[in-house]
Structures are given as structure tokens and as C-alpha cells.
Amino acid sequence: MHLQFFGAAGEVTGSCHIVDVGGRRLLLDCGLIQGGAAPDERNRAPFPFDAAGIDAVILSHPHIDHCGRLPLLHRRGFRGVVYATAACRDLARILLMDGAAMQQRDAERENRRRARDGRKGRAEPLYTEDDAEAALGLFRSVDYGRAFEVLPGVELTFRDAGHILGSASVWLRLSEGGLERRIVFSGDLGQYDSPILRDPEPGPAADLVVMESTYGDRLHKDRDATLVELGEILLHARSRGGNVLIPAFAVGRSQDLLYEFGTHFEAWDLASWRIFLDSPMAIEASQVYWRHPELYDEEARELLGRTGDLPPLPNLALCRTVEESMAINRIPGGAIVIAGSGMCTGGRIVQHLKHNLPRPECDVVFTGFQAEGTLGRAIVNGRDEVRILGTPVRVAARVHTLGGFSAHGDRADLRRWYAALPGKPPVWLVHGEASASEALRDALRGDGATAEVAAAGVRLDLGAAA
Ligand code: ZN
């Protein structure tokens, strides 16, 4: 009985761990590597296991750094079942199909470039829509809180991780020749008291914990203070007569924003605005969110019961077509536009920025992390001028960065989740930069836990571990 760390050990993306029990082999997540050195090469590299020899995959949640290599796993021979919650399966469809379309576009662009330069060889997408469709056909949904035998000797229970809709922590009871071990994989853990979602759920005792540590070294800005700030930005923006642009990730952040608009509709004077959700992917993801009220926290249920609709925004326009998106650019003021991509590296937000950034009466509100080298980061860093689609664009609009919207728990949240586990089980930290994982390790040791940072390739003998 063994557990081996493979991906998201010593880094944040590419989540994947291998469990061997009773001659069966299962994967916890099968994520895409994003950022860092040569991610494409690493994603294409052979798995350190035979894909056809994997009996099942358990997926914690559908972010692409957790599920993005499932289509490749299928292409390389995996034919087992992928276990996930129903909402996770629905969102995985949106994210994997979008990922495939993007891969195919990138490959086509590269092939045109090679043809133009007279270079040989064809670029192939990492996976195609057919691969994604085939992988999605392997999904089987399992409800939260229901113990389910996924393989002989492997009993799975999902518990809410409060990170995005359908996200789960994975409780496993493993049996092999009279030996029994209970292990917990946290998945990505959300903040306590985040909108719409329930808090990360505690669970029963375990012999070993594998836990994320993304923000193990920091504390987020206070959420209530963030909402006060957003309200003030919007009220002030209305008096200046321009537009407000909010770059946002399609899954999670867009729904959080719409929900907060619904709860603060009067306080923020939102009736005087036209609100646009300008992203087909965010619209699809929102529909999954609104389709699963059984997963909401108490406040969201209360709001839904009172208004009969989520989000209760009579002036919300959903823009699916390019024409609808372009029409927004003819509106001089009074429009709030939520659009992707979250870091402004592509998508419809780019056109809106081009039109509105040079106008001092407009506002741009960032609600998420902006990686080095992205257009979003250049704007956040206060540059006077940025390049958009090859053209220099003056930045005269007001730029705001709001810190309290993270989908990840901070150090305090992570410690709180761990503290709710009975008996301080030994914990291995994954899914974090070294500094974040080490900081959380030290904090948990201070709380009396045996904590280690996992390194890729380390294989634990679970029989000896307890
Ligand atoms: Zn995630």
C-alpha cells in the first residue's frame, strides 16, 4: 500500500498523486502544468506510469491544473472511471473543451508560422476536442458525504472543499490483506465565509493527510473590507460617468461578482448601471452554478428564496456573440463589464481595455492574481502605456486591485481546516511554491503536527506510515 507524489509537489500546478493498493492503482487528479520552465514539454512528456494500467482517477475539482491532462491520459490508454461530483463533472466539460479549442488554435497558428518561414514539421495540439470528449465520457458522479467503493479495497468519500462549485476533499479508506489505512487529500481549499459556497468541510479521523499550501505563507485581505472598497469604487465611478471593466476568470470569480452585485444591488446603486457578462464560457459556468442550489451556503439559499432568482440582477445582459461584445464598445458610460481572461492575456476584455484604458473617467478593477509578464500585471504595476494587440495604448483610467476575492484559503484557513481533523495526523504538503509550503509546515509544526513538504517522486509506504 503506497502513495507517491508526482505533480504539484514543490510547485502549484500539475496536481497528480498515485495510490497503489491491493494490486490496483489510482490517481488523485491528473492536472496540467502551467507556467514555469517549458510547461508544454513537461505536459507532453511520458507519464511515469503506464496510463493503461491506471484503474481509476479521483478528481478533486475541475480547475485545469487538476484535470487538464485527463484527455492525454485517455489518449495514452486509460479506460477506467473518473470519479467526481456532478458539479465538478459539468464544469470540467466547459474547462476541458475550452482548453482543447485553445490547444487546437495555438497549433494552427504555429503551423501557419512554420509554413510562412519554410520550416518543416507540424505542431500538434496537446489534446483535441475529441480527446476531451472521450475523457469526459469516463466520468461518473459521486455525491458529497456518500461512502462509495470505487475499486475493491478503495472506499471514497467526497467532502466539500469550498474552493469552487463542486470542489472536494477526498477521504479514502484503503484495505489490503487485513491492513486498513485512511488518507485524506485536501484538494484546493477555499476561504471560510466565501460567497455562494459552503465552508471547507471537516471530516473524520485519518492516518495521513496530503494538503495544499498555495497561500501557506500569507493572509488575505479582509473580505468585508474588500466589499466596502468595491462598493465605493462603483459609487464613485458612477458619479464620473465612465465605464467599469472587471477582468475575471470564467469559473468562480465571475459568479462571485454577480452574486455580490445581487446582494449589494441597492447599497451600490447598481440599478443605474447596465451590467454585462461578456464571456460565453463564464455564461456557461454561471448556468452550472445556478443549476446547483443544493450546494449553496445558507446566505445564498436565503437570497435565492427571497428573490427567486440568482443572481437577482434585472439589468444583467449575457453577451454570447462577438457582435454583442463589440456593441458594448459603443457605450460611453454607465456600463460594468465582466469579461475574460482574468489576467487580460486574451479574450474579450482586451478589446474593452483598448477602448476604455485611455479614458480618465473609466475604471479597471482587478480581483485576482496577475502573473508576471501578463497585460494585467503591466496595468496593475501602474505603467502609463501598455501594448494591446501590437498598438501602444495610454493608461488614463483609474486602476484598482482588490485583494479579498481569492478562491484559496490563506494560512489561517489552512490551519483551521487541519485543526478540525481529529488527532493531528501526519501531514504532507503539496500544491505550493517552496516558500509557501515551508511556511505552512513550520506553522503546523508549531500547532503540534508532524508536517513535511512533499517532493516529486517521494513514495510513502502507507503500511509503515501509521
Ligand atoms: Zn483550484
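What you are looking at is a predicted structure, and each value in this text was computed from that prediction instead of being measured.

The rules behind the values
- Residues numbered from 1 in each chain as written.
- Predicted model: local features only at pLDDT ≥ 70, side-chain atom pairs only at ≥ 80, totals over all residues.
- Heavy atoms only, no water.
- Helix = DSSP H or I, 4+ residues; strand = E, 2+ residues; numbered from the N terminus.
- Expected span 1.5 Å × (residues − 1).
- Buried < 20%, exposed > 50% of the residue type's maximum accessible area, 1.4 Å probe, protein only.
- Arc of directions from axis to C-beta.
- Contact = heavy atoms within 4.5 Å.
- Salt bridge = Lys/Arg side-chain N within 4 Å of Asp/Glu carboxyl O.
- Donors = N, O, S within 2.8 Å, 3.2 Å for Na, K, Ca; no water.
- Tetrahedral: all angles 85-135°; square planar, octahedral: opposite > 155°, others 65-115°.
- Axes fitted to C-alpha atoms, helices over the stretch in contact; angles between N-to-C directions.
- Parallel < 35°, antiparallel > 145°, perpendicular 65-115°, else oblique.
- Nonpolar A, V, L, I, M, F, W, Y, C, P; charged D, E, K, R; others polar.
- Pairing = 2+ DSSP bridges.
- Patch = residues over 30% accessible without salt bridge, like charges linked within 9 Å, V, L, I, M, F, W, Y side chains within 5 Å.
- Areas by Shrake-Rupley, 256 points an atom, 1.4 Å probe, with all protein chains shown as cover.
- Lys, Arg positive; Asp, Glu negative; His and termini not counted.
- Charge placed at Lys NZ, Arg CZ, Asp CG, Glu CD.
- Core = buried A, V, L, I, M, F, W, Y, C linked by side-chain atoms within 4.5 Å.

Asker: An account of helix α14 (residues 434-446) is requested, with residue identities and associated values reported.
Answerer: A rise of 1.5 Å per residue sets the reference length of α14, with its 13 residues, at 18 Å; its end C-alpha atoms lie 18 Å apart and thus fit the reference within 8%. Of all the residues in α14, the buried ones are Ala436, Ser437, Leu440, Arg441, Ala443 and Leu444. Around the axis of α14, the buried residues are gathered within 165° of arc, so they sit on the same side. Buried residues belonging to α14 abut β11 (208-212), α13 (411-419), β20 (427-430) and β21 (451-453). Following α14 by one or two positions, Gly448 adopts a phi angle in the positive range, close to 95°.

Asker: So what about the pattern of salt bridges? Which residues, and what values?
Answerer: Counted under the stated rule, the structure contains 28 salt bridges. Residue Arg25 pairs with Asp20 through a salt bridge whose shortest N-O separation is 2.7 Å. Asp20 gets classed as buried once you look at its relative accessible area, which sits at 13%. A salt bridge links Asp131 to Arg75; the shortest N-O distance between them is 2.7 Å. One end of the pair, Asp131, is in helix α5 (residues 129-136); the other, Arg75, is in helix α3 (residues 70-75), with 56 residues separating them in the sequence. Ionic contacts of the salt-bridge type, sharing partners, join the residues Glu110, Arg113, Arg114, Arg116, Asp117 and Arg119 into one network.

Asker: Let's hear about the coordination of the zinc ion: which residues, and what values?
Answerer: Every protein donor of the zinc ion is accounted for by His61 (NE2), His63 (ND1), His163 (NE2) and Asp188 (OD), and the metal-donor separations fall at 2.2 to 2.4 Å. For the zinc ion, the four donor atoms in the first shell make angles of 89 to 171° at the metal, a pattern classed as irregular. Counting residues between consecutive donors of the zinc ion along the chain gives the motif H-x1-H-x99-H-x24-D. Owing to a relative accessible area of 0%, His61 belongs among the buried residues under this scheme.

Asker: For the packing of helix α6 (residues 223-240) against helix α7 (residues 253-263), give the residues involved together with the corresponding values.
Answerer: Relative orientation of the contacting elements α6 and α7 amounts to 75°, with a least axis distance of 12 Å. Classified by the interaxial angle, the pair formed by α6 and α7 is roughly perpendicular. Only Leu257, Glu260 and Phe261 of α7 make contact with α6, whose side of the interface consists of Arg223, Leu227, Leu230 and Leu234. Residues that form the contact of α6 with α7 fall into these classes: five nonpolar, no polar and two charged.

Asker: Lay out the sheet that holds strand β4 (residues 56-58) in plain terms, naming residues and giving numbers.
Answerer: The strand order across the open sheet formed by seven strands is β6-β5-β4-β3-β2-β1-β22, and the pairing between neighbours is mixed. The sheet terminates laterally at β6 (139-141) and β22 (459-461), the two strands that pair on one side only. In this sheet, adjacent strand axes meet at a mean angle of 25° when their direction is disregarded. As judged from the three bridges shared by strand β5 (residues 81-84) and β6, these two strands associate in the parallel manner. Counted as the bridge partner of Tyr83 is Arg140 from β6. The sheet contacts of helix α4 (residues 86-116) involve β5 and β6, and relative to β6 the element is tilted by about 145°.

Asker: Hey, could you go over a negative patch on the surface for me, with residue numbers and the actual values?
Answerer: Side chains of Asp193, Asp222, Asp224, Glu298 and Glu299 sit close together on the surface and give a patch of like negative charge. If you trace the backbone, Asp224 turns up in helix α6. Take Asp224: its relative accessible area is 56%, and that puts it in the exposed class.

Asker: Tell me about the nonpolar core, and name the residues and values.
Answerer: Ranked by size, the top nonpolar core spans 108 residues in total, and within it Ile58, Leu70, Leu73 and Phe261 carry the most contacts. For this core, the element with the highest residue contribution is α4, accounting for eight residues. Setting aside residues no more than four positions away along its own chain, Ile58 makes contact with Leu26, Leu27, Leu28, Asp29, Tyr83, Val150, Leu156, Phe158, Val170 and Leu172. Ala335, Leu353, Ile379 and Val395 belong to the second-largest nonpolar core, a separate cluster that totals 24 residues.

Fair warning: the whole summary comes from geometry, so function is off the table for now.
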